[in-house]
Amino acid sequence: QVQLVESGGGSVQTGGSLRLSCAVSGRTFRNYIMGWFRQAPGKGRELVAGITWSGGNTYYGDSVKGRFTISRDNAKNTVDLLMNSLEPDDTAVYYCAAGSGVVTWYKSYAYWGQGTQVTVSS
């Protein structure tokens, strides 16, 4: 069984930064693609950023390009999401996910964390 635990959420003002971290246990972390998703109230879950098992390729949603950075440490079994220049529209519950296959496909992700709240105030 794979377990994912997110940390680092919180409240910040517009223009601020947060770093989310996800610790993965239970299986061979380095075999998985990893993604950060978010879900705002009344909206569907969207892929914010994804990263291949090696870390050599990354994907970012259009709304976060240039502001967010995803990274992974296969020795520590962690994946981080550094979020800069945060905006009120970034307010959501952020989820870490692990899986296999295409990074940009929702169905690639079989394992999910419990989510962490990020709130950006204007």
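Refer to the structure printed above.
These numbers come from a predicted model, not from an experiment.

Chemist: Even after reading the chapter, I still don't get the overall build of the chain, so can you show me in this structure?
Modeler: Looking only at helices and strands, one finds zero helices and eleven strands in the chain. Traced from its N-terminal end to its C-terminal end, the chain shows the element sequence β-β-β-β-β-β-β-β-β-β-β. The C-alpha radius of gyration of the chain comes to 13 Å, within 12% of the 14 Å expected for a compact globule of 122 residues. Dimensions of the chain, computed from C-alpha atoms along their principal axes, come out at roughly 40 × 25 × 25 Å.

Chemist: When you look at unusual backbone geometry in this model, what are you seeing that I'm missing?
Modeler: The general pattern is negative phi for most residues beyond glycine and trans for most peptide bonds. At N77, a position not held by glycine, the phi torsion is positive, near 60 degrees. Relative to the helices and strands, N77 is located in the loop between strand 7 (68-73) and strand 8 (78-83). For N77, a relative accessible area of 23% translates into the label partly exposed. In the Ramachandran plot, S85 falls in the positive-phi region, its phi being about 50 degrees despite a non-glycine side chain. Positionally, S85 belongs in the loop between strand 8 and strand 9 (92-99).

Chemist: Which parts of the structure should I look at to understand the nonpolar core?
Modeler: Within soluble globular proteins, side chains that are nonpolar tend to cluster in buried spots. Counting residues in each nonpolar core, the largest one holds 29 residues, and the members touching the most others are M34, W36, L81, M83 and Y94. Not counting residues up to four positions away in its chain, the partners in contact with Y94 are E6, L20, W36, F37, R38, V48, F68, L81, M83, G115, T116 and V118. Counting residues in hydrophobic clusters, the runner-up holds seven residues, among them I33, F37, A97 and V103.

About the thresholds
- Residues numbered from 1 in each chain as written.
- Predicted model: local features only at pLDDT ≥ 70, side-chain atom pairs only at ≥ 80, totals over all residues.
- Heavy atoms only, no water.
- Helix = DSSP H or I, 4+ residues; strand = E, 2+ residues; numbered from the N terminus.
- Rg over C-alpha atoms; globule rule 2.2 N^0.38 Å.
- Buried < 20%, exposed > 50% of the residue type's maximum accessible area, 1.4 Å probe, protein only.
- Core = buried A, V, L, I, M, F, W, Y, C linked by side-chain atoms within 4.5 Å.
- Contact = heavy atoms within 4.5 Å.

By themselves, these observations are geometric and do not establish any function.
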